[in-house]
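Structural description and commentary
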Amino acid sequence: MRIAQVSPLYESVPPRLYGGTERIVHYLTEELVRMGHEVTLFASGDSITSAKLAPQCEQALRLDERCTDALVKHLLMIERVSTWHEDFDVIHFHTDYLHFPLARRMSVPHVTTLHGRLDIADLGPMYDEFSDISVVSISDAQRRPLQQANWVATVHHGLPKDLLRFQPDPEGYFAFVGRISPEKRVDRAIEIATALEVPIKIAAKIDKVDREYFEARIRPLLAQPLVEFVGEIGETDKSEFMGHARALLFPIDWPEPFGLVMIEAMACGTPVIAFRNGSVSEVLEDGVSGFVVESMEEAIEAAGRVHELDRAGVREQFERRFTAERMAQDYLDIYADLCARSTLRSGITQSTPPDSAVPDTDEPAPGDVVAA
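The present account deals with the structure reproduced in this document.

**A word on the overall build of the protein**
Secondary structure summary: the protein contains twelve helices and 13 strands in total. Seen through its principal axes, the protein has C-alpha atoms that stretch 105 × 45 × 40 Å. Residues counted as buried form 52% of the 372 residues belonging to the protein. Of the contacts formed within the protein by residues at least 6 apart in sequence, a portion of 65% connects residues at least 24 apart. Of the accessible surface of the protein, which amounts to about 17300 Å², a share of 50% is contributed by carbon and sulfur atoms.

The structure is reproduced here in structure tokens:
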């Protein structure tokens, strides 16, 4: 199958550091190539892939100081995809809703995975208008605010099975991995760890929009003796960082669409302590791969007995539910269904002439030879 994967341009594929969407695009693309499909990846020029790379800018836009308007780069990419769309059997977009006006005019089947939060009031009219665009959710929880969207499936994220190493013997610290932002609640993670007098290591990105929050609310907390801030970490560091943690703390305060870091921890055998928000209850099996809590009191209590969980059982949950192979197969099933429906529609259109083409009398049609 000839498949186009259309990635955001903010990060390379895969990202050098933080970047959940682009990371998933990478895992999916590589797995599809491994399965024998002909994949073209529309992404930044510094991406590394086994697929055919269609570079849309020189480097990831977050790292390009010359880029002042990322929207321009994305719109140009979508125009190029539209121009070349007949070269593919199916096009898979990961670019939110930017491509919707052009995509609905393409003759080739296409689908869009929505990676972000959808509980935003302005999105309602968008999905009212574009109710013909096939979309995929990354959790059932993610789609709740937009019931009117044309949901065709939920596909949970997956990681390559051997990407992260299983670590049976943890060290004596908790880990926090993600972004420093109000909704990720690293302050809660610090409070949980310090309440139990356990060290916490924080590997996190600080976006420009969150810099003021970091300086005012989080930096003072980092001065505590049990707290170590290590900044952003890359893919190669995650096995060591998360695998040796007693548990990953995920005390979120927002409707998390998926939470890739949860399954990264599970791949290492590291259980997760997470607040019941968004997708958490879909990803974690309470009492098996971690503990799902609803208050700080519950979180501290759960973190104090996380040693009761079987780390081999945590890893088994990952292998059973969250591999890249399973994710790719889920998407291939969607592609096949979209292509079959497109072929059916095309066949109906070709075999059923419009009413104006069907003579409603016995009068000869123009050009017919009429006997004298």
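**Let's talk about the pairing of strand E9 (residues 200–205)**
The element E9 is extensively covered by neighbouring structure, given that five of its six residues are classed as buried. Tracing the backbone out of strand E8 (residues 174–179), into helix H5 (residues 186–195) and back to the parallel element E9 gives a crossover that is right-handed. Bridge count between E9 and strand E10 (residues 227–229): three bridges; the pairing is parallel. In the sheet register, Lys-201 faces E10, and the bridge partner there is Glu-228. Read from E9 through helix H6 (residues 211–218) to E10, the crossover connection turns out right-handed.

**Quick word on unusual backbone geometry**
Here the residue pair Val-13 and Pro-14 is connected by a cis peptide bond, since its omega of 0° sits within 30 degrees of zero. Within the secondary structure, Pro-14 is located in the loop between strand E1 (2–6) and helix H1 (20–34). Positive phi, normally seen in glycine, also occurs at Asp-96, with a value near 60°. With respect to the helices and strands, the residue Asp-96 is situated in the loop between strand E4 (90–93) and helix H3 (100–103). You can call Asp-96 partly exposed: its relative accessible area is 37%.

**A short note on H5**
With seven of ten residues buried, H5 is to be regarded as a mostly interior element. Every buried residue of H5 is accounted for by Val-186, Asp-187, Arg-188, Ala-189, Ile-190, Ile-192 and Ala-193. Just beyond H5, the residue with positive phi is Glu-197, at close to 55°.

**Here's the deal with the packing of aromatic side chains**
Counted according to the given criterion, the structure contains eight aromatic pairs. Ring geometry for Phe-100 against Tyr-127: centres 5.7 Å apart, planes inclined by 90°, an arrangement best described as edge-to-face. Of this pair, Phe-100 sits in helix H3 while Tyr-127 sits in helix H4 (residues 123–129), and the two are 27 residues apart along the sequence. Residue class for Phe-100 comes out buried when judged on its relative accessible area of 0%. Overall, the relative accessible area of 2% leaves Tyr-127 in the buried class. The structure contains a cluster of three or more aromatic residues connected by ring pairs, namely Phe-42, Trp-84 and Phe-88. For the cation-ring pair, Lys-201 lies above Tyr-173, with the distance from its terminal atom to the ring centre recorded as 4.3 Å. It is Arg-246 that lies over the ring of Phe-174; its NZ or CZ is 5.6 Å from the centre.

**Details of the pattern of salt bridges**
Any two side chains of opposite charge can pair, on the condition that their charged atoms come close. Scanning the model with the defined rule gives 27 salt bridges in all. Among the salt bridges present, the one from Arg-185 reaches Asp-253, with a minimum N-O distance of 3.2 Å. Taken together, the residues span a long stretch of sequence, with Arg-185 in the loop between E8 and H5 and Asp-253 in the loop between strand E11 (247–250) and helix H8 (260–267) at a distance of 68 residues. Given the relative accessible area of 40%, Asp-253 is considered partly exposed. A salt bridge links Arg-315 to Glu-319; its shortest N-O distance comes to 2.8 Å.

Criteria and cut-off values
- Along each chain, the written sequence defines residue order, and numbers are assigned to residues from 1.
- Per-residue local features of the predicted model are confined to residues with pLDDT of at least 70, and side-chain atom pairs are confined, for both listing and counting, to 80 or more; whole-chain, interface and lining totals are unaffected and use all residues.
- Excluding hydrogens and water, the side-chain figures rest on all heavy atoms present in the structure.
- In this description a helix means any DSSP run of H or I spanning at least four residues, a strand means any run of E spanning at least two, and both kinds are numbered starting from the N terminus.
- Exposure categories follow from relative accessible area, calculated using a 1.4 Å probe and restricted to protein chains: below 20% of the type maximum is buried, above 50% is exposed, and the middle band is partly exposed.
- Residue contacts follow a heavy-atom distance rule, with two residues in contact if any of their heavy atoms lie within 4.5 Å.
- Residue-level accessible areas treat just the shown protein chains as cover; the underlying method is Shrake-Rupley with a 1.4 Å probe.
- The handedness rule is simple: strands pointing away from the viewer, and a clockwise path from the first strand over the helix to the second, make the crossover right-handed.
- Strand pairing follows a simple DSSP-based rule, namely that at least 2 bridges must link the two strands.
- Centres within 6.5 Å make a pair out of two Phe, Tyr or Trp rings, where for Trp the six-membered ring is used; the pair is then stacked when the planes are under 30 degrees apart, edge-to-face when over 60, and tilted otherwise.
- Charge-over-ring placement is defined geometrically: NZ (Lys) or CZ (Arg) within 6 Å of the ring centre, and within 35 degrees of the ring normal.
- Salt bridge, as used here: a side-chain nitrogen of Lys or Arg that lies within 4 Å of a carboxyl oxygen of Asp or Glu.

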